[in-house]
Amino acid sequence: MNGTAFEIKGCTLLLAGERRGARGAAEHFIAQGAQVISADNPESGLVALETANLLVICDAFPQRLQPLREAAQRRGLPVLTRQPVSGSGQITLVGGGPGALDLLTVRAVSVLADADMVFVDRLGPGDLVRKLAPQAVIVDVGKQPGHHKVSQSQIEEQMLTAAKAGSNVVRLKGGDPFVFGRGFEEMAAASKSGIAISVVPGLSSCITVPAAAGIPVTARGVNRVFSVISGHDPLESQQLEQLTGLGGTIIILMGMGTLESTASGLLRQGMAATMPCAIVESGTTGEQRTTFATLATLTATSRARGCANPAVIVIGEVAALPQRLLAEEMANFGASA
Ligand code: SAH
């Protein structure tokens, strides 16, 4: 720029950053006579850069726009940095349901449509989140560019930073945010920082995935209790004893890694070897698959079929109901044929 003042008036300025936080900067430069074009991600920014003669980066996470900064520098364009406007941002914890798009709630869809930033654990098929939140910056916290999982505290910190900068932040989680979803930790972190946070409940896989396979978690005359338990760590013998004693349906999430110890533990506690069981993998999606077994055959059947996560394990009389219904239908068909 040869020491001469750069003239904002009349220049075409690319303003890169999440739109709500950058709104104040946009108004400022427009008032100075610049023609402002906006981009909230490096990809669209690179295209827009072709016509710009000044780049302004205004984002809570300027690092994510580094490719844009480098491209501008290579082209000899001046690059300015502005702090995004701090405002009354907020966080909404949204339950995304078990997988099928049409099992998202109406409220989840409307909150996503209004989001500035969406933190997801992994992008859904065909980048559905991008379609549901067309204006938002999508942050995949399942994997970082270097394929490292982002830690829970880093996720919380990033969300708080974005909300403090004025963004309308959505944290999208599978199923319901409060069912083994660490939703409450995020809620506590936000309230400790004085950030407004609300929850949109979601359809939890613990009920919907068995249902998608035709298994009711309760059925009149069959059971009047169902327990949902995490199988992430092996169940303790006291838990196995209590679950057996309840005599209801046992629903296990994250339980494939501990399946063998769960099944043998329940047998040890005296549960019938003939107790019906089911494993429902990828429920409500195109890959849904159900495997029926008994408690005695559960581990071997699962292994033979190569059952894997994500799966919901159902142990209890209700697991036999879909097949019983089918058998009755076949018998009726036989009788009427
Ligand atoms: N908050 C989620 C559960 C998170 S724990 C909810 O309410 O559903 C993750 C576990 O959920 C997985 O290991 C698996 O046991 C279960 N799960 C989630 N979605 C599933 C699906 N579509 N099919 C089968 N299991 C699923």
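Here the structure is shown first, and the text comes after it.
Conventions we followed
- Residues numbered from 1 in each chain as written.
- Predicted model: local features only at pLDDT ≥ 70, side-chain atom pairs only at ≥ 80, totals over all residues.
- Heavy atoms only, no water.
- Helix = DSSP H or I, 4+ residues; strand = E, 2+ residues; numbered from the N terminus.
- Rg over C-alpha atoms; globule rule 2.2 N^0.38 Å.
- Buried < 20%, exposed > 50% of the residue type's maximum accessible area, 1.4 Å probe, protein only.
- Areas by Shrake-Rupley, 256 points an atom, 1.4 Å probe, with all protein chains shown as cover.
- Near = heavy atom within 4 Å.
- Polar contact = N/O pair within 3.5 Å; in protein donor to acceptor, adjacent residues only side chain to side chain.
- Nonpolar A, V, L, I, M, F, W, Y, C, P; charged D, E, K, R; others polar.
- Patch = residues over 30% accessible without salt bridge, like charges linked within 9 Å, V, L, I, M, F, W, Y side chains within 5 Å.
- Salt bridge = Lys/Arg side-chain N within 4 Å of Asp/Glu carboxyl O.

**Brief notes about the overall build of the chain**
Step number 1: From N to C terminus, the chain includes 12 helices and 14 strands.
Step number 2: Computed over the C-alpha atoms, the radius of gyration of the chain is 26 Å, more than 25% above the 20 Å expected from 2.2 N^0.38 for a compact globule of 337 residues.
Step number 3: Reported as C-alpha extents along the three principal axes, the dimensions of the chain are approximately 90 × 50 × 30 Å.
Step number 4: The buried share among the 337 residues of the chain stands at 47%.
Step number 5: Taken as a whole, the chain presents about 17,200 Å² of accessible surface, with 54% of it coming from carbon and sulfur.

**Structural notes on the site of the ligand**
Step number 1: In the vicinity of the ligand there are 18 residues, among which Pro 98, Val 179, Ser 204, Ser 205 and Ala 311 approach most closely.
Step number 2: The contact in question runs from an oxygen atom of the ligand to an N or O atom on the side chain of Ser 205, over 2.7 Å.
Step number 3: At a separation of 2.8 Å, a nitrogen atom of the ligand approaches a polar backbone atom of Gly 283.
Step number 4: Relative to its unbound accessible area of 540 Å², the ligand is 86% covered by the protein chains.
Step number 5: Going through the elements one at a time, α8 (205-212) and β14 (311-315) are the ones with two or more residues in the shell around the ligand.
Step number 6: Classifying every residue of the shell around the ligand gives 10 nonpolar, 7 polar and 1 charged.

**Section: unusual backbone geometry**
A negative phi angle is the norm for most residues apart from glycine, just as the trans form is the norm for most peptide bonds.
Step number 1: With an omega of -5 degrees, the peptide bond between Asn 309 and Pro 310 qualifies as cis.
Step number 2: With respect to the element layout, Pro 310 can be found in the loop between α11 (298-305) and β14.
Step number 3: Positive phi, normally seen in glycine, also occurs at Phe 180, with a value near 45 degrees.
Step number 4: Its place among the elements puts Phe 180 in the loop between β8 (168-173) and α7 (183-192).
Step number 5: The class of Phe 180 is partly exposed, set by a relative accessible area of 41%.
Step number 6: Positive phi, normally seen in glycine, also occurs at Met 254, with a value near 50 degrees.
Step number 7: If you trace the backbone, Met 254 turns up in the loop between β11 (249-253) and α10 (259-268).

**Description of a nonpolar patch on the surface**
Step number 1: Together, Phe 180, Ile 207, Phe 226, Val 228 and Met 254 line one region of the surface with nonpolar side chains, adding up to about 390 Å² of accessible area.
Step number 2: One can find Phe 226 in strand β10 (residues 226-230).

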